[in-house]
Amino acid sequence: MIRIINTLQVASASLVAAATPSAEGVIRAPEIDYVAIAPEAILVLGALAILLKKGFVPRRYRMMASVATGILAICASLIATGILWQRLADGAAGTAVSGILAVDGFAVFSKVLFLGIAAFAILLGVPGLRRERIMREEYPALVVLAAAGMMLMAASSDLILTFLALELFSLAFYVLAAFARDLPRPQESALKYFLLGAFASAFFLYGVALAYGTAGSTNLTSIADFLGRGSIPWIFVASMALILVGLGFKVGAVPFHMWVPDVYQGAPSQVVGFLASGAKAAGVVALLRIYVSAFHAARPSWLPVIAGLSIATMAVGVVVALVQSDIKRLLGYSSIAHAGYLLIGVAAATPAATSASLFYLVSYAAMIFGAFAIVSVVSGKGDGFTRIDDFAGLARRRPMLAAAFTVFLLGLAGIPPTAGFIAKFVLFQAAVESGLWWLVLCGAVASVIAAYFYLRVIIVMFVREPEGEDLDSDEPDPITSLGMGLAIGITLVLGIIPQALMSVLAGADLVMPGL
Amino acid sequence: MTYLVVAHFAAALVAIPVARRLGGKAFLLAAAVPAATALWSLTVLSRSASTTSPGEVHAWIKGLDVDLSFQAGGLSALMAFLIGGIGVLVFLYSYRYFDPAGPEVVRVCSLLLAFAGSMLGLVLADGFFTLFLFWEATSVTSFFLIGTEFKHAAARAAATQALLITGLGGIAMLVGFTIFGASTGIWHLSGVENAGSQTLTGLPAVALVLIATGCLAKSAQLPFGSWLPAAMAAPTPVSAFLHSATMVKAGVYLIARLSPVLGGGPWRALVIGSAGLTMVLAGWRALRQDDLKLLLAHSTVAQLGLLCFLFAMPDRRAWVAGVVLLLAHALSKAGLFMGVGIIDHSLHTRDISRLDRLASEMRGVAAVMSAGFACMAGVPLTLAFAGKERGLENLMEISPPWFYAAIGLMVVASALTAAYSTYALRGAFFTSAKGDVAVLGRRPSLGFVIPAGVLTFAGIAMALFAKAPEMLLGSAVKGATGKANFGIPVLPHVGSALVISLLALACGVGFGYFDRLRHFASKAALPFPLGQRVYEAINVGLIRFADRLAGVVQSGSLPIYVATITIVGMGLIAWYLAAIDIDLGALPLAGSVVELLLVAACGVLAAAMAVQRSRVTAVLLLGGVGYGLAAVFVVLGAPDLALTQVVIETLAVVVFLLVVKDQPAKFGRTRPVGSEVLKIAAAAFAGVVVFVLLAGSEGYRADHFVSAEIVEFSVADAGAQNVVNAILVDFRALDTMGEILVLTIAVIGAATLAGIETRRRGRA
């Protein structure tokens, strides 16, 4: 392991030493645009404040102070993002900090998405972890740092920064996956996640090195210019393949998916929603930023690979989900299938597909957060009851929970009137329009198979008699209920009146350079 | 139209408290809702023969062609009339059927109203998404209605099966609609109709196959037919309403809407093939049933097959025959189900072999059922006879040879219908029981029998008073064929079609009448597994496959995962590398002898590490590889890199040793040999690919690197004499910041996890 980190650091040190942007062929010391980096900077400061407060806040209030600081940081960052958005509306899209950081509609919208994900992580995670008595003061710090990393993923216009952002949120996720579980199983899954994740990151870094070697820069704008100039050297194609391994691992694409079911099962349900939506969204925005935008000229080279990954991912995800008897593993495989659908959006590589992918990510985040919130309540202490059979008769024991879970499962299956349906609809439509009807056909078949296992869970809840003793699961506490309510609200509102979000996406001018 | 549909759902909600208070009487009140539908549809039918009614469109998602839209064409209005008319009778019948104080009254009453609303929405829908929404709504309400007696495992399994098959079919259809819309720009049924007859190829053709699949699943055609017989676990009023007259007609309806305006294509072949097989095989199966209700269920599947078959024919005259039969079947089959329900209610059995000359004891029911079977089998002077004869006549006029096969299929299907009708009627009402005789309990009241009677005798009455069917069917026929006047012959005209019809009828009656012949039929095995067994086979096969796949993709072994990532990652590169050729001879071997020796030493150390069994030695050897690399860096003229490498390597080895000291001194040797082979193969593959990659990139240099500029500007911009420092704190300050953050979070993580460890030890 240390071997890998060691290699990474040597490699990254050498890259940092060598690589700098050269948009106009002239490198100057950067003007730091503080407004542009404010959203992430605020989060980082918040995290530091959480860590440093130990010396100042009495022990009794430390937990509360951590959570409050986390919430405050997210809110402040949201305001900073709003200011950035305002600047965009005035027509000031471009890059900042000598071309390293993109300031465009795509970046700003993604930042809002990640802040929302972080807010959900605190809203649903804190009460849940407290109930499990595994809440730690570091949790809000890990969440906001991960959010900063994911936001940088979306905004980064330089492969080095993308790598750092990737490591930033990944490290937080490795810790969360093992979060305070005194059981061997979660620790094993978290260790596997960490080892494989670091391994996949090494591929990413190797790819970046090759890209630099070919294009002479790690800056995405420069690379796009380089690719636009003519033929694409095969070394660059190899570098695209390596970068894809790293990002494919993050989104959970087959064959880099092995961590997903294990981690979903091993990590406490309260944080899985965060891991699931965050890792997927961060990976997908990076794929959009790097492949769809910067590597657009090389699409003929990467299209077959990404389309192939997409088909394999959908197929394995939905088929293996059929035989899962554990709800968390089932949602894990379902999440793999969703990664496959999202790769269709990447493959389509049009502005319409980009905005469809973002819509998909928003709705997926709401649905998966909601689903895991319910799992965390129903499974009870220590995630003891996560078999699908444990959900038998839930409709009679806890009608509201069963109804809410039904909404989320219908959403994940893509059945109207939920956000999942609209998301799939716009995504598939965009893909058909860019000529990928064969890919959409595979996605369609996968959706039909997927509907089977979602429906099966719903049927178990509504039709089967409860098995064994009545699992006296806790009533959800008010804050968790609020979080679930919000998730249901988003799932249904985006399913019934999606215009609002769509017009935002259309107005945000998501066209990144090169597209 | 929107109000009418919404009113159903509102009524379904209101019905819950009302039925709680009133009990069974709530059914009588609820009947007012379908009655309104029936009346409304009659006004549309009387009007729309002359004008096409305007549609109602409610924008839903702008810019996406998703809307809620309704339009009442002729066929839609006919279906609405059936839903309303049969709905009224079903509610009246339910009032007698259910125990007025029973627990299921509230549930059934409300769900039946919701179902009627969904079904109405389905047939009135114009936009694809509206259609899909109501389509799935009928599947869901049907699911809850089948599962009315949810305490019985059989009812639950049947409900699940029905929902899975029709629901998944619906999703296939949704996908079809989406592809169709996206590729043609048409998102409404009326749009398809206005576009005129055309043969679609490519993507729209695929879409139509998916849509047709959904239709076949909903209408219980092969290979999806299994759910309908299973759904007979539902209470009889539900079977009469959903599973004979309305819901199962949804697929037929959509095929009937699309068929006249679309040209040929694979979808037509699919429907004709599936329906043609179904109508014969399901009829055959019906002959083998002893349970009256199951017999009717299989017969429904067969009749639906006939309808799909006729509607999918490219000739519009077959379509006209289809619409006549659609009406005839809905009326007769709903009535027959109700009749079986009465028998079940009075004798607590539906087994033909236990029914003893019922005709003498239940004259009314006998008459009603006789009329129903006659109408279904197509005895002369019934609506079905007129329809079937017309269908045959039209098929005969069309020349291609395979139409003879179609005629043959139709004749066999009609004969089978006649056969099982005769068998059921005779066995239940006119012969003595073979087993223990079922005892007649309470005689059915008149109010119980009348709804059934209205339906079955309507089939006869309509054939005699041709005005009624002309009014009901006229606008539908006009919509499809452009001609309003089509004439239903009350008296058959003499021709080959008549002869064939009568022959088929006679054969069938004979077959059903003589028990020995029927026994022969029931003994003969079917050529291939049908229905239930297909469902189970698919279920089991898919699950077994998924199980095996799960074993492959989720082995749980870390080495296999690492090998997979390596092989796939390197494989992707190798795929591209295969296209280029590299001149190995032109490669520079080494800069100097020292360099060569150092690299060789690294290789030897790495190989030694791989075979080493002692952990400590392995760590030290690994460290040796790192120092060797540092030496290579020195030789290549990168002392700063070498320095970093030495520092990190030293640190790494120390930390590594600290970890290893707590572990067993030697690596275990328990792994299977295959795993070793995989590891060696993956490592060798990666080595070869990287070698080729580096060898190939030897000649490649980017035209422009930024390092020169950095050196140039480091003093001017950053005021730094040390270039590396300038890069770290000035040019790439944000990255440095990011690195620090990564380290920070790594420390937090380590601290958090270490905290857990301490706590656990403390507790132990």
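What counts, and at which threshold
- Residues numbered from 1 in each chain as written.
- Chains lettered and ligands numbered in written order.
- Predicted model: local features only at pLDDT ≥ 70, side-chain atom pairs only at ≥ 80, totals over all residues.
- Heavy atoms only, no water.
- Helix = DSSP H or I, 4+ residues; strand = E, 2+ residues; numbered from the N terminus.
- Buried < 20%, exposed > 50% of the residue type's maximum accessible area, 1.4 Å probe, protein only.
- Lys, Arg positive; Asp, Glu negative; His and termini not counted.
- Salt bridge = Lys/Arg side-chain N within 4 Å of Asp/Glu carboxyl O.
- Polar contact = N/O pair within 3.5 Å; in protein donor to acceptor, adjacent residues only side chain to side chain.
- Phe/Tyr/Trp six-rings, centres within 6.5 Å; stacked < 30°, edge-to-face > 60°.
- Contact = heavy atoms within 4.5 Å.
- Buried area = accessible area lost by both parts, 1.4 Å probe.
- Axes fitted to C-alpha atoms, helices over the stretch in contact; angles between N-to-C directions.
- Parallel < 35°, antiparallel > 145°, perpendicular 65-115°, else oblique.
- Left-handed = near helix turned anticlockwise from the far one by under 90°.
- Nonpolar A, V, L, I, M, F, W, Y, C, P; charged D, E, K, R; others polar.

*Asks:* Help me get a handle on the side chain of Lys249 of chain B, residues and values and all.
*Replies:* All names here are of chain B. Within the fold, Lys249 resides in helix H12 (residues 249-258). For the buried residue Lys249, which engages in no salt bridge, the nearest side chain bearing the opposite charge is Glu136, 19 Å off. Only 2.8 Å separates the side chain of Lys249 from the side chain of His329, close enough to count as a polar contact.

*Asks:* Give a description of the packing of aromatic side chains that names residues and reports values.
*Replies:* The final tally for this structure, using the stated rule, is 37 aromatic pairs over all chains. With a centroid separation of 6.3 Å and 80 degrees between ring planes, the pair formed by Phe462 of chain A and Phe144 of chain B is classed as edge-to-face. Of this pair, Phe462 of chain A sits in helix H18 (residues 437-463) while Phe144 of chain B sits in helix H6 (residues 128-146), on two different chains. Accessibility expressed as a relative area gives 30% for Phe462 of chain A, which makes it partly exposed. Among the residues examined, Phe144 of chain B registers a relative accessible area of 27% and is labelled partly exposed. Plain terms: the ring middles of Phe27 of chain B and Phe91 of chain B are 6.3 Å apart, the flat faces sit at 45 degrees to each other, and that makes the pair tilted. Linking Phe27 of chain B in helix H2 (residues 26-30) with Phe91 of chain B in helix H4 (residues 74-97), this pair joins segments that are 64 residues apart in sequence. Taken individually, Phe27 of chain B and Phe91 of chain B each receive the classification buried, so the pair is uniform in this respect. Among the aromatic residues, ring-to-ring pairing joins Phe27, Phe91, Tyr93, Tyr97, Phe98 and Phe448 of chain B into one connected group.

*Asks:* Any chance you could break down the environment of Thr480 of chain A for me, citing the residues and the numbers?
*Replies:* Residue and element names in this part refer to chain A. Locating Thr480 in the fold gives a position in helix H19 (residues 478-496). Between the C-alpha atoms of Thr480 and Gly128, which are 352 residues apart in sequence, the distance is 7.5 Å. The residues touching Thr480, leaving out its near neighbours within four places in the chain, are Leu124, Pro127, Arg131 and Val377.

*Asks:* Residue-level account of the interface of chain A and chain B, with values.
*Replies:* Contacts between the two partners involve 115 residues from chain A and, on the opposite side, 103 residues from chain B. A combined buried area of about 9,900 Å² lies between chain A and chain B, and 77% of that area is made up of carbon and sulfur atoms. The interface formed by chain A and chain B holds zero salt bridges in total. Counting the contacts that link chain A with chain B gives zero residue pairs in polar contact (both at pLDDT 80 or more).

*Asks:* Could you give me a rundown of the environment of Met367 of chain A, with the residues and numbers involved?
*Replies:* All names here are of chain A. Assignment of secondary structure puts Met367 in helix H14 (residues 351-378). Taking the relative accessible area as the measure of exposure, Met367 reaches 2% and is therefore buried. For the pair Met367 and Phe405, spaced 38 residues apart in the sequence, the C-alpha separation amounts to 9.3 Å. Discounting residues that sit within four places of it in the chain, Met367 has contacts with Phe408, Gly411, Leu412, Gly420 and Thr491.

*Asks:* With reference to specific residues and values, describe H12 of chain B.
*Replies:* Summarising burial for H12 of chain B: 10 of the 10 residues are buried, a large majority. Listing the buried residues of H12 of chain B in full gives Lys249, Ala250, Gly251, Val252, Tyr253, Leu254, Ile255, Ala256, Arg257 and Leu258 of chain B.

*Asks:* Tell me about the packing of helix H13 (residues 327-348) of chain A against H18 of chain A, and name the residues and values.
*Replies:* Each packed pair of helices is defined by two parameters, the angle between the axes and the distance between the axes. Residues and elements named next belong to chain A. Where H13 meets H18, the closest approach of the two axes is 11 Å, and the angle between their N-to-C directions is 160 degrees. By the angle class used here, H13 and H18 are roughly antiparallel. The element H13 and its partner H18 pack so that their crossing is left-handed. For the pair H13 and H18, contact is made by Ile327, Leu330, Ser334, His338, Tyr341, Ile344 and Ala347 and by Leu439, Gly443, Ala446, Ser447, Ala450, Phe453, Tyr454, Arg456 and Val457, respectively. Taken together, the residues of the contact of H13 with H18 sort by class into 11 nonpolar, four polar and one charged.

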